[in-house]
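Chain residues, written in single-letter form:
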Amino acid sequence: MHLSCAIGTIPCLPSGAILADPMPTPTVTVPAQILVVEDESSIRDMLRFALERDGHVVLAAGSAAAARALLTDHAPDLAIVDWMLPGGSGLELVRALRRDERLLSLPVIMLTARTTEQDITAGLDAGADDYVTKPFSPRELGSRIRALLRRSRDFDGEDAVVRGPLTLDGAAHRLSAAGVEIALGHTEFKLLGFLMKHPERVYSRAQLLDHVWGPGTFIEERTVDVHVLRLRKALRPHGADTLIETVRGAGYRLGVPAEPVDDAVASVPIGKNPAGGT
Ligand code: CA
């Protein structure tokens with residue numbers, strides 16, 4: 001079975017044709033500037049139409065190079081990136097975005113006709129936050145965009161959270177370990193922020209999808225594992241990857257280190273109170 005059939009809300013069709021939108025009514029949404037990177041002009045035009053109908057401003061590029069040129073003087077709120085592009089794939093573009101400090105946290109939806117589980121995992125591994133397979137429904141894409149924008153905006157303006165060596169500042173979108181800044185993708189940042197705000201509690205993959213990706217997200221639970229892997233990889237050089245614990249058969253938990261760090265959230269005084277003392 002193709003994963004695309006399981007994760008989408010639309011049936012699998014053999015052609016690359018776009019499904020007709022069953023209910024073309026405008027949806028109330030917070031306007032955003034959205035970068036569309038798609039080489040097929042018919043799909044690009046359709047995307048522009050659907051996005052502008054939802055009140056968004058569209059920046060369109062027909063290649064990865066054109067997208068990079070646009071990104072030098074625009075700061076979109078979200079990007080929709082086709083996989084197969086002339087002169088450099090969308091996958092390479094997403095990887096490049098994730099290496100660029102300024103674009104690291106740009107929410108990205110991969111849009112592609114490649115539908116095997118391996119492809120989807122590769123897309124997510126490259127740094128995409130979500131994945132929509134062609135043919136797609138503009139309505140479904142619209143709701144995924146809203147969910148992703150909500151996630152990205154929800155996290156702005158929050159106080160810093162400190163757990164062990166990690167300090168996560170939602171307002172500045174910064175994570176640091178012992179004062180050293182750690183680069184994190186948008187979804188990893190959101191996931192870590194959620195776990196840091198609720199330490200020592202186990203969350204199932206489905207619960208994490210609900211809390212981090214938003215209720216009603218049509219994403220495979222396995223996606224959570226991909227992002228946890230990526231998060232641990234980013235934390236490993238700072239010795240903080242073990243904070244994210246896998247609880248077999250249950251899900252994930254952020255463990256608070258046994259050795260409390262000064263002015264962290266730790267409430268147990270260190271070495272002051274020998275066992276049994278009162
Ligand atoms: Ca293409």
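The structure contained in this document is the topic of the report that follows.

Rules behind the numbers
Residues numbered from 1 in each chain as written. Predicted model: local features only at pLDDT ≥ 70, side-chain atom pairs only at ≥ 80, totals over all residues. Pairing = 2+ DSSP bridges. Helix = DSSP H or I, 4+ residues; strand = E, 2+ residues; numbered from the N terminus. Axes fitted to C-alpha atoms, helices over the stretch in contact; angles between N-to-C directions. Buried ≥ 20, exposed ≤ 12 C-beta atoms within 10 Å, placed from the backbone. Arc of directions from axis to C-beta.

Section: the sheet that holds strand 8 (residues 174–177)
With respect to topology, four strands assemble into an open sheet ordered 6-7-8-9, the strand pairing being antiparallel. Of all the strands in the sheet, the pair left with one neighbour each is strand 6 (160–163) and strand 9 (180–182). Sheet twist, expressed as the average angle between the axes of neighbouring strands with direction ignored, equals 25 degrees. Two strands pair when backbone bridges link them, and strand 6 and strand 7 (residues 166–169) are joined in this way by four bridges, in the antiparallel orientation. When the sheet's bridge partners are listed, Ala160 is paired in strand 7 with Asp169.

Quick look at the sheet that holds strand 1 (residues 33–37)
Pairing is parallel across the open sheet formed by five strands, whose spatial order is 2-1-3-4-5. Each edge of the sheet is formed by a strand with only one pairing partner; in this case those strands are strand 2 (57–61) and strand 5 (130–133). This sheet shows a mean twist of 20 degrees between the axes of neighbouring strands, independent of strand direction. Across four bridges, the pairing between strand 4 (residues 108–112) and strand 5 is parallel. Across the sheet, Ile109 pairs through a bridge with Asp130, a residue of strand 5.

Observations regarding helix 8 (residues 205–213)
Listed in full, the buried residues belonging to helix 8 are Leu208, Leu209, Val212 and Trp213. Down the axis of helix 8, the sector holding all buried residues measures 105 degrees, keeping them to one side.

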